[in-house]
Amino acid sequence: MIIIEEALSTKTSLQRNPFAILGATARDNRSRLIELADEVALVADGDEPEKAQSALLNIRTRLAAEMGWLPGVAPKKATAVIENLLTTAHKATGELPPLARANVLSAFAQSKSDTVTPQEAASIFYRLALAVEDIDLGDVLRDINEDRSVAGFPPVRDEDAVLEEFEARKGEYGKAINYILDRLPSRTLVKVMDAVVQKGTKEGSEHAPAFIQEIVASYEFELRGFIEAESSNVERLVKRGVALADFGEAHLIPVIEEIKKVATNFNEIVGPAQLVAKTNGIDHVATHNLAIVIRDLAITLHNEHGFVDAPARIAVVLNDHFGLLDTVADQVAQDLAYLKEAEKGKKKSEAERAEFEREITYSAEIGAMFKDKVSISPDGVSWQNNRIALDAVTRLRWGGTRHSVNGIPTGTAYVIMLGDRRSSFTINTRKNDIYGNLVDRIWRAIGVRLLLEAAARLRAGEAMRFGGAIVRDDGVTLVRHKMFGSNEPVVLSWHQVNIWSQDGSFFIGSRTDKKVYVGMSYQNDDNIPVLENLIRAFFNTGKDKISEMFN
């Protein structure tokens, strides 16, 4: 609030008014004013009576005294009001014209500045605001000129002069209210301001009276330091939240709770200004800026870290504490709806992930007498003394070879090779069911990833070698096989080739030249199952380039 440096006189503005000093009425003529001044001068100290007489006789200064007095009030009633000013007059102000009522309430506020209770402060503030709101300067001018006509003074014809004096009156009203509010404890002051604004706006449903808006504006002006400090506090907490995000979502909960506390305190103190802004159809600027900083944290946590719970908690804080801001409320409503769906998606993804992990998990024992365990799980593939993580695998092979003795089949030997860039190991089994279960799970857990990585590399313009073939996004380089002379490379588009499997190998060949082809062994060349599945899926699209099937 605005602190008034000079202490108010023990007398109120009405008691210091020239009419009160002389005991005069607004209808006394010049002679009567001079007579009263002489009578008061006999018992008064100083030149106060002379100054009062001069103020009332001078046409230019008389208007200020008239507007600071009780215009429109009969002389006898005006005398009674002054006599009971400090006791009961303020309770009967409803019977007075608006300007007289405002002057009485302002004077009563001045008299109560050191002993006012919160209830009295709120009542005086609100009633004074209504009185000022009801003042019609046309009516004031009429009442003053009626009194002047009786007293023999020329009428006021300059409406601007009336307006100028009215602004001066409002300045005095503001000082009186600010003075009593400044005497209240800080938290009590906030409660009084909030109560008056709530009542003055009918709980945010209509504009506050202009006088309330002016007092709230001065209140907010004095809050500049508080607003800056709390804004800096929130910015510090947001930076801490961003730093803690690297350690996991759970570490953000204490930070969000601290932000919530700051927001609660901020809104409690700034609430009256927020509500006045809302009823004026605008967002409170400082509050809006604070909300945006907090919302930016939620956006960062979701977009850069993939968090859902922490951003949702922040959105709830914004919804609960910044709902008066129309633009923020709309954004937060959208955020909550989006995060609700994201949470559903997260749970679905987690469920799908759990199902995927369950489906790829498998183990078996291989061997007749001395058994070795082979297993695959989200942790990787294990065989004998070897273990490799799923995402570390860069190459794979598999296949089976039928064996016979003297034309009699003796079974099929199956091999599965897995490796990274430096090493590999081979799983051997004669059990078809074990081989099938392992290949199925290895393809889902590893093969699909290798296929997508290969497609991405081709899309980026890389040429990849598979056995004797060089594969590009738009075609493949094969080999023309010659009976005499050296073989030669042949570059073909994908529309010029076909594919087939034969004798444990995967073939890519020219559609028009049977001598142009490349065969790649499933068991001896790396990632042939990956290449085969990629090309077969690509051919089903009818596109020109492999990358186009991902558009």
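Residues numbered from 1 in each chain as written. Predicted model: local features only at pLDDT ≥ 70, side-chain atom pairs only at ≥ 80, totals over all residues. Heavy atoms only, no water.

Once that is clear, we can look at the overall build of the chain. On a plain count of helices and strands, the chain comes out with 18 helices and 14 strands. The buried share of the chain, taken over its 551 residues, is 44%. About 28800 Å² of surface is accessible on the chain, with carbon and sulfur atoms providing 50% of the total. Seen as two clouds, the 66 positive and the 78 negative side-chain charges of the chain have centres 10 Å apart. (Helix = DSSP H or I, 4+ residues; strand = E, 2+ residues; numbered from the N terminus. Buried < 20%, exposed > 50% of the residue type's maximum accessible area, 1.4 Å probe, protein only. Areas by Shrake-Rupley, 256 points an atom, 1.4 Å probe, with all protein chains shown as cover. Lys, Arg positive; Asp, Glu negative; His and termini not counted. Charge placed at Lys NZ, Arg CZ, Asp CG, Glu CD.)

As a further point, take the packing of helix 10 (residues 186-200) against helix 13 (residues 253-279). Where helix 10 contacts helix 13, the axes come no closer than 9 Å and their chain directions differ by 30 degrees. The angle between the axes of helix 10 and helix 13 places the two elements in the roughly parallel class. Between helix 10 and helix 13 lies a crossing whose hand is left-handed. Contacts between helix 10 and helix 13 involve Arg 187, Val 190, Met 193, Asp 194, Val 197 and Gln 198 from the former and Asn 265, Glu 268, Ile 269, Pro 272, Leu 275 and Val 276 from the latter. Taken together, the residues of the contact of helix 10 with helix 13 sort by class into 7 nonpolar, 2 polar and 3 charged. (Axes fitted to C-alpha atoms, helices over the stretch in contact; angles between N-to-C directions. Parallel < 35°, antiparallel > 145°, perpendicular 65-115°, else oblique. Left-handed = near helix turned anticlockwise from the far one by under 90°. Contact = heavy atoms within 4.5 Å. Nonpolar A, V, L, I, M, F, W, Y, C, P; charged D, E, K, R; others polar.)

The subject of this paragraph is the confidence of the model for the chain. Taken residue by residue, the chain gives an average pLDDT of 90. The fraction at 70 or more is 96%. Across the chain, element-level confidence peaks in strand 9 (residues 469-471) with a mean pLDDT of 97 and bottoms out in helix 16 (residues 326-360) with 77. Every residue in residues 1-9 is under pLDDT 50, and counting partners more than four places away or in other chains gives 20 contacts. (pLDDT = per-residue confidence, 0-100.)

Turning next to the sheet that holds strand 7 (residues 424-429). An order of 5-6-7 is seen for the 3 strands of this open sheet, with the pairing classed as antiparallel. The open sheet terminates on both sides in strands that have one partner only, identified here as strand 5 (395-405) and strand 7. Neighbour-to-neighbour, the strand axes of this sheet turn through a mean angle of 20 degrees, independent of strand direction. One ladder, built from 6 bridges, connects strand 6 (residues 408-419) with strand 7; its direction is antiparallel. Along strand 7, the bridge assignment pairs Tyr 414 with Thr 429. (Pairing = 2+ DSSP bridges.)

Before going further, it helps to examine the packing of helix 13 against helix 14 (residues 285-305). At a minimum axis distance of 10 Å, the contact between helix 13 and helix 14 shows a crossing angle of 160 degrees. Judged by the angle between their axes, helix 13 and helix 14 are roughly antiparallel. Handedness of the crossing formed by helix 13 with helix 14: left-handed. Only Ala 286, Thr 287, Leu 290, Ile 294 and Leu 297 of helix 14 make contact with helix 13, whose side of the interface consists of Ile 259, Phe 266, Asn 267, Val 270 and Gln 274. Here the contact of helix 13 with helix 14 is composed, by residue class, of 7 nonpolar, 3 polar and no charged.

Right, let's get into helix 18 (residues 528-539). With 12 residues, helix 18 should reach 16 Å at 1.5 Å per residue; the first-to-last C-alpha distance of 16 Å fits that figure. Listing the buried residues of helix 18 in full gives Ile 528, Pro 529, Val 530, Leu 531, Glu 532, Leu 534, Ile 535 and Phe 538. (Expected span 1.5 Å × (residues − 1).)

With that out of the way, let us pick up helix 14. Helical geometry note: an α-helix holds 3.6 residues per turn, so side chains three or four residues apart project in the same direction. Across its 21 residues, helix 14 extends 30 Å between first and last C-alpha, which sits within 8% of the 30 Å expected from 1.5 Å per residue. For helix 14, the set of buried residues is Ala 286, Thr 287, Leu 290, Ala 291, Ile 294, Arg 295, Leu 297, Ala 298, Thr 300, Leu 301 and His 302. At the C-terminal side of helix 14, Gly 306 shows a positive phi close to 75 degrees.

Summed over the entire model, instances satisfying the criterion amount to 28 salt bridges. Glu 35 is paired through a salt bridge with Arg 32; the nearest N and O atoms lie 3.0 Å apart. Of this pair, Glu 35 and Arg 32 both sit in helix 2 (residues 30-43), 3 residues apart, which is roughly one turn of the helix. Take Arg 32: its relative accessible area is 32%, and that puts it in the partly exposed class. (Salt bridge = Lys/Arg side-chain N within 4 Å of Asp/Glu carboxyl O.)

Quick look at a nonpolar patch on the surface now. A cluster of nonpolar side chains, namely Val 448, Leu 452 and Phe 550, defines an oily patch on the protein surface of about 240 Å² accessible area. If you trace the backbone, Leu 452 turns up in helix 17 (residues 432-459). (Patch = residues over 30% accessible without salt bridge, like charges linked within 9 Å, V, L, I, M, F, W, Y side chains within 5 Å.)

Glancing now at the pairing of strand 13 (residues 505-510). The element strand 13 is largely enclosed, with a buried count of 6 among its 6 residues. Neither face of strand 13 is exposed, since Ser 505, Phe 507 and Gly 509 on one face and Phe 506, Ile 508 and Ser 510 on the opposite face are all buried. Bridge analysis of strand 12 (residues 497-502) against strand 13 gives 6 bridges, and the strand direction is antiparallel. Pairing of Val 497 across the sheet is with Ser 510, part of strand 13. Counted along the chain from strand 12 to the antiparallel partner strand 13, the turn is 2 residues long, and its residue Asp 503 has a positive phi close to 50 degrees.

So, about the packing of aromatic side chains. Aromatic ring pairs: the centre-centre distance and the angle between the two ring planes describe each pair. In the structure shown here, the tally under the stated rule is 9 aromatic pairs. On the basis of an interplanar angle of 85 degrees and a centroid distance of 6.2 Å, the ring pair of Phe 125 and Phe 211 is categorised as edge-to-face. You can see Phe 125 sitting in helix 7 (residues 118-134) and its partner Phe 211 sitting in helix 11 (residues 210-221), a full 86 residues away along the chain. Accessibility classification places Phe 125 together with Phe 211 in one group, the buried group. These aromatic residues form a ring-pair network of at least three members: Trp 494, Phe 538 and Phe 539. The positively charged end of Arg 183 is found above the aromatic ring belonging to Tyr 179, 3.8 Å away from the centroid. The aromatic ring of Phe 221 is capped on one face by Arg 224, whose charged end is 3.7 Å from the ring centroid. (Phe/Tyr/Trp six-rings, centres within 6.5 Å; stacked < 30°, edge-to-face > 60°. Lys NZ or Arg CZ within 6 Å of the ring centre and 35° of its normal.)

A separate point is the sheet that holds strand 4 (residues 386-388). One open sheet holds the 4 strands; their spatial order is 1-2-3-4, and the pairing between them is antiparallel. In this open sheet, the two edge strands, each paired with only one partner strand, are strand 1 (362-366) and strand 4. Pairwise comparison of adjacent strand axes, ignoring direction, gives a mean angle of 10 degrees for this sheet. Here strand 1 pairs with strand 2 (residues 372-377) via 5 bridges, running antiparallel. The residue of strand 2 that forms the bridge with Glu 365 is Lys 373.

Now for a negative patch on the surface. Where like charges cluster on the molecular surface, the negative patch consists of Asp 158, Glu 159, Asp 160 and Glu 164. Mapped onto the secondary structure, Asp 160 falls in helix 9 (residues 159-182).

A word on the side chain of Asp 28. Within the element layout of this structure, Asp 28 appears in the loop between helix 1 (18-22) and helix 2. Buried and without a salt bridge, Asp 28 has Arg 32 as its closest oppositely charged side chain, separated by 4.7 Å. Here Thr 25 takes part through its backbone nitrogen, which lies 2.8 Å from a polar atom of the side chain of Asp 28. What Asp 28 contacts, discounting residues up to four positions off in sequence, is Leu 33, Leu 36, Ala 151 and Phe 153. (Polar contact = N/O pair within 3.5 Å; in protein donor to acceptor, adjacent residues only side chain to side chain.)

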